[in-house]
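Observations on the model geometry
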Amino acid sequence: MAENELAAFRERWKQELTGKKDEKPTSPLLDRIQEERTRRKRHYHSMTNELVDQLIQDLNEVNDIPFFDIELPYELALKIFQYLSCTELGRCAQVSKAWRVLAEDSVLWFRMCTREGFHEDASVSDSPCWKSTLRDCRNSAKTNRVGSISQLQFELGKVLCDVSSCDSFVLAGYTSGDVRLWDTLHWDSAASYLKANSLSANTEPRPHVSHVQVNGTVAAAAYEDGCVDLWSTETGGQPIHHYQSPGRIQALALSPDSPVLLSAAGSDVRLDRADDCGYWRTACQAQLPNGVILVPGRGQQCPLAALTAGEAVYLLDPREEEPRTLHSVYGHPVTCLDASYSQVAFGVKRTGWAMHDGGNKIHVYSLETSKPTVCVGNSPGDFTCINLRDGPPHLLVCGNKDRRVRVFDLRTGSSVASLYAHHLGVTSVQADDWKIVSGGGEGLVCVWEMRMGAKLWEMHNRHPVRHVRFDTSTLVTANIPDDKSPRGACITDDDLTAHRRHRGVICHYDFSEDALSQDHILPICRSDYTESHGYNYNIGLAVPYDRLSGSHSSH
């Protein structure tokens, strides 16, 4: 009996336990937890199926590469792509997903890497990404090409007065009355020291040099006493021509490619040129009111000069008795002037009611027809400098007191670039097809990329930048002090620091050679190729070295 009861008790207990296990939870929280688990399981299974389907679809697309109206096997398309260059592969990668996978295949970049001489003994499996390996190898193989800088210093105690440069010649005049000519191609040239005329040389104290000009054949200098000397750049030494003006020379201009000299002393304007035998003669003289800014235009056969006096612009032709008036508006003075062989451009300062018509303007006239061709500019500040002669024939670059450098397209009259450059105003500019070099009153020289408007690099020296000139491989800048008789500028003073601080400096940058001496390496050249921002930009951005002779193949 007792055993039967014990068996019955065990049976009931077992049934109760089984019933509790089959019961569903009645708590709402447990229900929500169970539902969330079920939902996540279904979502995971669906995502897995979608990823598998997408992978299969991509594999099918890669196996058959579309080439226009046909589809090629992957291996055959890879053989076609192996004949493309790095740039062409980058363009093909932008066509479609299939072409991108093909263009980034490791086999292509491995072959390109070995073809350029990198990792010749390696195999395809040695690198997970041969494209990155090739880029790293190219960066490590690049040699940072640097330029040499030379400061064309004369003697202590002589303050720089004026600088001019043309081709490889650099001419400078000083407060001591000395004139120095450098030939940057032949630094040991005997023509470096130019002797003054006997009248200026025997005067005590010697008069300051007020203006200098140089071209490929002759160099000219004007003194404070009104004397003008001309030398040959080949022989140097004694002047080949000399004349005396009744007053101080206010402006001096020399034709860039012919022996034609133009000078202005007060209202007297004089044009001298050399004949076929090399003898200098006065071609014409004229009287103009007020001061004169002058620029020679055409060559020796028919010299034509553009002059400005106050509010008027004149054309001086030796074949005519009087200067021809090109432009004249009462109350609107001319602030700057430049001329090429076919055009003359000048900035006009507008006042009063004329400022409501767009502000100050730059007028461009044709020298052949004496008619205006285009009028550009719209600035509240005065235009301080214009460069029309040294740039491309369709571009005009100018500087303004509003701190901006502007470039205009003369074909359309539209603005190409407007750059905020110098906080003390722009003092000198020059441009070519893709870059701009500007100098400011604060002593800063900046190189700009015209299309993007980005500053490539800059250099700073004391005193305003009064002269900038560059060609394919060299750049000449001159920082000329406004105060020609500063304290401590006497040669008898013992404070050499004062001499260096006050006398001004001429810098000659040569980007066509590698300077091995650390003393000649520019600060802008001491950066590597990995820097993307900052002050020390790679100098290769300013000069295209691949255009220079003797450059390395890696460049």
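Because the structure is a prediction, the values reported are computed rather than measured.

1. Thoughts on the sheet that holds strand β13 (residues 260-265)
If you trace the 4 strands from one edge of the open sheet to the other, you get β12-β13-β14-β15, paired in antiparallel fashion. Edge strands, defined here as strands with exactly one partner in the open sheet, are β12 (251-254) and β15 (280-287). Taking the axes of each pair of neighbouring strands and ignoring which way they run, one obtains an average angle of 15 degrees across the sheet. In terms of strand pairing, β12 meets β13 through 4 bridges, oriented antiparallel. Note on β13: the bridge partner recorded for Leu254 is Leu261.

2. With respect to the pairing of strand β29 (residues 435-440)
Counting buried residues along β29, 6 of its 6 residues qualify, which places the element largely inside the surrounding structure. The alternating pattern of β29 places Lys435, Val437 and Gly439 on one face and Ile436, Ser438 and Gly440 on the opposite face, and all of these are buried. Relative to β29, strand β28 (residues 426-431) runs antiparallel, the two sharing 5 bridges. The residue bridging Ala431 from the neighbouring strand is Ile436, located in β29. The loop that links β28 with its antiparallel partner β29 comprises 3 residues. With 5 bridges joining them, β29 and strand β30 (residues 444-449) adopt antiparallel strand pairing. Each bridged residue has a counterpart across the sheet, and for Lys435 the counterpart in β30 is Glu449.

3. Some details on the packing of aromatic side chains
Applying the stated criterion across every chain yields a total of 4 aromatic pairs. Judged by centre distance (5.6 Å) and plane angle (20 degrees), the ring pair of Phe346 and Tyr365 falls under stacked. Separated by 19 residues along the polypeptide, Phe346 in strand β21 (residues 343-348) and Tyr365 in strand β22 (residues 360-366) bring together distant segments of the chain. A single burial state applies to Phe346 and to Tyr365, both of which are buried. Directly above the ring of Tyr243 sits Arg270, whose terminal nitrogen or CZ lies 3.8 Å from the centroid.

4. Quick word on helix α3 (residues 74-81)
Restricting attention to buried positions, one finds in α3 the residues Tyr74, Ala77, Leu78 and Phe81. Mapping the buried residues of α3 onto a view down its axis gives an arc of 105 degrees, with all of them on the same face. Within α3, the exposed residues directed more than 90 degrees away from the buried face are Glu75 and Lys79.

5. Concerning the sheet that holds β21
With antiparallel pairing, 4 strands are arranged side by side in an open sheet as β20-β21-β22-β23. Of all the strands in the sheet, the pair left with one neighbour each is β20 (334-339) and β23 (372-379). Across the sheet, the mean angle from the axis of one strand to that of its neighbour is 15 degrees, orientation sign disregarded. Here 5 bridges tie β20 to β21, and the two strands are oriented antiparallel to one another. The residue bridging Cys336 from the neighbouring strand is Gly347, located in β21.

6. Some words on unusual backbone geometry
Phi at His119 takes a positive value of approximately 50 degrees, unusual for a residue other than glycine. Following the sequence through the fold, His119 ends up in the loop between α6 (106-115) and α7 (130-141). Unlike most non-glycine residues, Ser370 shows phi in positive territory, near 60 degrees. You can see Ser370 is positioned in the loop between β22 and β23.

7. A word on the confidence of the model for the protein chain
Residue-level pLDDT values for the protein chain average 77, and 74% of them are 70 or greater. Mean pLDDT per element in the protein chain: strand β16 (residues 293-296) is the minimum at 57, and β28 is the maximum at 94. A low-confidence stretch, residues 491-498 stays under pLDDT 50, and its non-local contacts, those more than four residues away or across chains, total 8 contacts.

8. Some points on α6
Considered for burial, the residues of α6 that qualify are Leu108, Trp109, Phe110, Met112 and Cys113. With a side-chain oxygen positioned 2.8 Å from the backbone nitrogen of Val107, the residue opening α6 is Asp105. Gly117, located one to two residues past α6, shows a positive phi value of around 95 degrees.

Cut-offs used in this document
- Residues numbered from 1 in each chain as written.
- Predicted model: local features only at pLDDT ≥ 70, side-chain atom pairs only at ≥ 80, totals over all residues.
- Heavy atoms only, no water.
- Pairing = 2+ DSSP bridges.
- Helix = DSSP H or I, 4+ residues; strand = E, 2+ residues; numbered from the N terminus.
- Axes fitted to C-alpha atoms, helices over the stretch in contact; angles between N-to-C directions.
- Buried < 20%, exposed > 50% of the residue type's maximum accessible area, 1.4 Å probe, protein only.
- Phe/Tyr/Trp six-rings, centres within 6.5 Å; stacked < 30°, edge-to-face > 60°.
- Lys NZ or Arg CZ within 6 Å of the ring centre and 35° of its normal.
- Arc of directions from axis to C-beta.
- pLDDT = per-residue confidence, 0-100.
- Contact = heavy atoms within 4.5 Å.
- Polar contact = N/O pair within 3.5 Å; in protein donor to acceptor, adjacent residues only side chain to side chain.

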